[in-house]
Amino acid sequence: MMYPGTDLRHVMKRYLLPQFLVLLLMLAPAVPAQEGGIESLRQTGKAFASVARKVSPSVVFIQVERIEQSRGTHPFSSPFSNDLFRHFFGDSFPGFQERQQPERKKRKIGQGSGFVFSLDNGLFSDRAYVLTNNHVIDGADRIMVTLEDGRELTAKVKGTDPQSDIAVLEIGISDVPALSLGDSGKLEVGEWVVAIGNPFGLSHTLTAGVVSAKGRSSLGINDYEDFIQTDAAINPGNSGGPLVNLDGEVVGINTAIFSRSGGYMGVGFAIPINMARNVATQLLQIGEVSRGYLGAAIQELTPELADSFDLEGRQGVLVAQVTKGSPAEKAGLRQGDLIVRYQGEEVGDVARFRNSISLTPPGTRAKLVIVRNGREQKIGVGIGRLEVEGAAAQQAQERAGELGLVVQGMTPELAKKLGARPGDGVVVTKVMSGSVAAMAGIEPGSVILQVNKRQVSSAEEFARLVNASGNDRRVLLLVSRRGTTYYVVLRW
């Protein structure tokens, strides 16, 4: 508001000018700040571009061809060939004899990704190979590899390991740069990663994201799981391609996605390169994967189990069963022991401990720290070699251990005591508190007659049938208890 006779220049100088200067000072930093933000994004973009230039020449497109035999019926089969006529006249009615076509070979095409790598040292360190997923090339009759420069090469399978879903291919040339293999153990949640591959056949597609979790297991994808989880877009065709850090080092092999639609939904999984390196090295140097063997069925330590075993505040894995004659038994490991450290590192969960054992070279003298009767003890164990038969038995024991029960065959003495017949079912001798079996009401002394509708007569058969349930993580049991027979479904 101005009063009559007021000097306008004086008012501007005294009141408006200082306010104008303050406004300029407030606005001045906005431009540099905005430019700084843009520059930061520009540098991030350049980092991704640098990774693409460095990695893309080593990423390959894999196309596989599978030949399948098929037999079809003639398109002009009898009009009487339907269930209604068959019901009344039987299969012998002449009109039901469909004209069969001869067997035909049907070609199926699949695709995936891979990348060129070489061993860090050793006999084959001077050669380049392609690392990919086993499921990409499994059952292939012909494998073609296409490089970024357009060259097409026929690849040969050098080695595969279905249990970890890793395969090594030989391409017969050495003028393709090999990618550097990083250390997935140093990878941190929140760290930038880049996936490069051929989703939907779109060659050398780059997607970026972060590591959203580590150590994902129990997904039912592979026998041995320790997945890196990422939100970098992974789609069908990305399988086998590299997951790299901003230095262009491979930290994982893109393997699977979680999806309800078949496409990207924000969650992808990659095999840690430390595991893949170990498997690939063995495949190249000795032609097979030799895994360590302990011989103990283990399970997670739940709060209920911790309370029952007086292990509150402890972390580790609980020994549910020890295989007779195994390295675990020879070392003195007992049922009910809690394994808290292995080779100096804390034991967190079953999957990671199992992976640690499998990656330990057979013959290694390993150190365990266990808790027994509330006191820590150190135990030395000579890690054995997991044979093919032993692998199935070990997995079966682990499945039985996950259920939280221990069984034994029906001896004549037990049969007499329980009013049963020798060899008819298996007897539950122990049920872990808080386990799946305990929550289902199974008690020591219960007799399990069937597993998934199949008769069972020994502990080994019980373990095998439980293991045969595959990745469904459910089993149907027929149980007899105090003269009452009933079905129960266990889910874990």
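Below or above, wherever it landed, is the structure these notes cover. (Residues numbered from 1 in each chain as written. Predicted model: local features only at pLDDT ≥ 70, side-chain atom pairs only at ≥ 80, totals over all residues. Heavy atoms only, no water.)

Notes on unusual backbone geometry
Then comes step 1: Within the chain, D165 stands out as a residue other than glycine whose phi angle is a positive 65°.
Then comes step 2: Summarising the element assignment, D165 is placed in the loop between β6 (156–161) and β7 (166–170).
Then comes step 3: When its relative accessible area of 5% is taken as the criterion, D165 is described as buried.
Then comes step 4: For K453, which is not a glycine, the phi torsion comes out positive at approximately 70°.
Then comes step 5: Within the element layout of this structure, K453 appears in the loop between β24 (447–451) and β25 (454–455). (Helix = DSSP H or I, 4+ residues; strand = E, 2+ residues; numbered from the N terminus. Buried < 20%, exposed > 50% of the residue type's maximum accessible area, 1.4 Å probe, protein only.)

As for the pattern of salt bridges
Then comes step 1: Under the criterion given, the structure shown has ten salt bridges.
Then comes step 2: R291 is the partner of D161 in a salt bridge, and the nearest nitrogen-oxygen pair spans 2.5 Å. With D161 in strand β6 and R291 in the loop between α5 (273–285) and β14 (292–293), the pair connects residues that are 130 residues apart, well separated along the chain. Here D161 and R291 have matching classes, each one buried.
Then comes step 3: If you follow the salt bridges from partner to partner, you end up with D149, R151 and D175 in one network. (Salt bridge = Lys/Arg side-chain N within 4 Å of Asp/Glu carboxyl O.)

Some details on a negative patch on the surface
Then comes step 1: A surface patch of negative charge is lined by E304, D307, D310 and E312.
Then comes step 2: Along the chain, the position of D307 falls in helix α6 (residues 303–308). (Patch = residues over 30% accessible without salt bridge, like charges linked within 9 Å, V, L, I, M, F, W, Y side chains within 5 Å. Areas by Shrake-Rupley, 256 points an atom, 1.4 Å probe, with all protein chains shown as cover. Lys, Arg positive; Asp, Glu negative; His and termini not counted. Charge placed at Lys NZ, Arg CZ, Asp CG, Glu CD.)

What about the environment of W192?
Then comes step 1: Along the polypeptide, W192 turns up in strand β8 (residues 192–197).
Then comes step 2: Along the chain, W192 and G209 lie 17 residues apart, while their C-alpha atoms are 5.8 Å from each other.

Describing the layout of surface pockets
Then comes step 1: The computed volume of the largest pocket comes to approximately 740 Å³.
Then comes step 2: Forming the boundary of the largest pocket are 24 residues, of which D226, E345, R352, S356 and L359 lie nearest the centre.
Then comes step 3: Looking at the lining of the largest pocket, the elements that each hand over two or more residues are β9 (205–216), β10 (227–230), α5, β18 (345–346) and α8 (350–358).
Then comes step 4: Of the residues forming the lining of the largest pocket, the biggest block, four residues, is contributed by α8. (1 Å grid on protein atoms, 1.4 Å probe; cavity = no way out; pocket = protein on both sides within 12 Å on 5 of 7 lines; lining within 4 Å. Points joined across faces, edges and corners; volume = space filled by probe spheres on them.)

A word on the packing of aromatic side chains
Then comes step 1: Applying the stated criterion to the full structure yields three aromatic pairs.
Then comes step 2: When the ring of F48 is compared with that of W192, the centres are 5.2 Å apart and the planes differ by 70°; the resulting orientation is edge-to-face. Taken together, the positions of F48 in helix α2 (residues 30–55) and W192 in strand β8 put the pair 144 residues apart, joining distant regions of the chain.
Then comes step 3: When its relative accessible area of 40% is taken as the criterion, W192 is described as partly exposed.
Then comes step 4: Their ring planes at 55° and their centres at 5.9 Å tell us that F227 and F269 sit as a pair that is tilted. (Phe/Tyr/Trp six-rings, centres within 6.5 Å; stacked < 30°, edge-to-face > 60°.)

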